[in-house]
Amino acid sequence: MVPGLLDLRNFKRALDKSRQRAERCGHPFALVTFESEGEPEGESDVKLGEEPGSPSNNSVNGLGKLARVVVDRARLSDEAGWCEGGRLGVILYGASGASARIFAESVLGNGQRERFRYVVFAYPGRDGGDGSGRPKSQESGQKDKAPEAASEAESIGTKRVDACQGLFAKPHPAWKRLLDIIGSGLALLVASPFMLLAGLWIRSVSPGSVFFRQERIGRGGRPFTMLKFRTMAVDLGESRHQDYMTRVITDGEAPMTKLDARDPRIIRGGRLLRKLCIDELPQLLNVMRGDMSLVGPRPPIGYEVAKYHRWCRGRLDCTPGMTGLWQVSGKNRLTFKEMARLDIFYANNFSLWFDLMIILRTPLAIVRQLLDGLGKDQRAKGSAGNA
């Protein structure tokens, strides 16, 4: 154990505080991470929540020796510790990307460059506080990119949402994973007849696949393929939904009403499947696989995250869920900013009792959503009759 080196939990806490300080007060910081050369980025034999440095991991043992150099060279105001994935990190408060690279090069002196590589993350980066929220990164040995090239390299929907989003991710505790496995397994047993009927209905009224597969952004900015029952005609573009979500996110104060009201693209019976949330049941398979949790923020689409203000990306800090605090607190009656604040609050405060409370409140929220939908349909028919 190196004196002055934070463990994974405390380093993540320091990183969260640094991000909150940067978002609220505009205080920038730089993060430098070190890992063994030749080891895929973000991968290690060290498991989540396990403190690196054990004799069984040779690569981390090497980083343990490098950690002494990092601690010696860091300022008293800086924080050094272990990052997720077995990487060594140091938070340099008030530092720019250029000065952070100078620090990293000084650490890797004396022939260490052949054994280790470093990555520099500047937060909030070179975006100048425009709200786009794309921290810029720089790997060792690369030249500075033009702003356009840097933005393209960190585009949404590729390997990562941005360079350091994964470092802010909260661990997925064992109790939550156990609850997901038991809960999704029981739910699949209970819901299997409804899923079978839904699949048969979709196949009978609309040609094409029963399931709709879409790439969503999960915990730490990692993309995954989310499953739903298909409730719309096949081969439809997403431009309409993308334009709508751009307006909702940019405005921030408009209620997130459903776009599918009187949408001719929805198949026969599709609206009922949506109102009863039956179209969401295939996501129980995502929960079993670990892409999602029973409870958490709804996973956004890549083009939605691209429009987020920087602070809204806190929604990506925990595993996305089938239901969540937003769903049981008003859902489509709320604005985008209200949804983001609820999801961020959940990401920072989730617990076993909090999850169980949300799960127990979900059926009532579905009934309320169904009644709201029926009321809107009645009003729409009344308006059409008066016209």
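In this report, we go over the structure that sits alongside the text. (Residues numbered from 1 in each chain as written. Predicted model: local features only at pLDDT ≥ 70, side-chain atom pairs only at ≥ 80, totals over all residues. Heavy atoms only, no water.)

**Topic: the environment of valine 119**
Relative to the helices and strands, valine 119 resides in strand S5 (residues 116-123). Valine 119 gets classed as buried once you look at its relative accessible area, which sits at 2%. Taking C-alpha positions, valine 119 is 8.6 Å from alanine 104, a pair spaced 15 residues apart along the chain. (Helix = DSSP H or I, 4+ residues; strand = E, 2+ residues; numbered from the N terminus. Buried < 20%, exposed > 50% of the residue type's maximum accessible area, 1.4 Å probe, protein only.)

**Focus on the side chain of serine 18**
The topology assignment puts serine 18 in helix H1 (residues 8-25). Owing to a relative accessible area of 1%, serine 18 belongs among the buried residues under this scheme. At a separation of 2.8 Å, a polar atom in the side chain of serine 18 contacts the main-chain carbonyl oxygen of alanine 14. Serine 18 has contacts with Phe29, Ile91 and Tyr93, leaving out every residue within four places of it along the chain. (Polar contact = N/O pair within 3.5 Å; in protein donor to acceptor, adjacent residues only side chain to side chain. Contact = heavy atoms within 4.5 Å.)

**Observations regarding the side chain of aspartate 317**
You can see aspartate 317 is positioned in the loop between helix H9 (302-305) and strand S10 (321-323). With sequence-adjacent residues up to four places away left out, aspartate 317 is seen in contact with Arg19, Gln165, Phe168, Ala169, Lys170, Arg219 and Ala347.

**Side note on a nonpolar patch on the surface**
There is a patch of nonpolar side chains on the surface, built from Leu178, Ile182, Leu186, Leu189 and Val190 and spanning about 540 Å² of accessible area. Here leucine 189 lies in helix H5 (residues 174-205). Residue leucine 189 is classed as exposed on the basis of its relative accessible area of 65%. (Patch = residues over 30% accessible without salt bridge, like charges linked within 9 Å, V, L, I, M, F, W, Y side chains within 5 Å. Areas by Shrake-Rupley, 256 points an atom, 1.4 Å probe, with all protein chains shown as cover. Salt bridge = Lys/Arg side-chain N within 4 Å of Asp/Glu carboxyl O.)

**Description of the pairing of strand S7 (residues 211-217)**
The sheet contact formed by S7 and strand S8 (residues 223-229) spans 7 bridges and is antiparallel. Among the inter-strand pairings, phenylalanine 212 is bridged to a residue of S8, identified as lysine 228. Count of turn residues in the S7/S8 antiparallel hairpin: 5 residues, of which glycine 220 carries a positive phi of about 70°. (Pairing = 2+ DSSP bridges.)

**Examining the pairing of strand S3 (residues 79-82)**
Bridge count for strand S1 (residues 5-6) against S3 is 2 bridges, and the pairing is parallel. Bridge pairing in S3 links leucine 5 to alanine 80. Pairing of S3 with strand S4 (residues 88-93), which is carried by 4 bridges, proceeds in the antiparallel orientation. Bridging across to S4, glutamate 79 finds its partner in isoleucine 91. Two successive antiparallel strands, S3 and S4, enclose a turn made up of 5 residues, where glycine 85 displays a positive phi of approximately 90°.

This is a description of form; function is not addressed.
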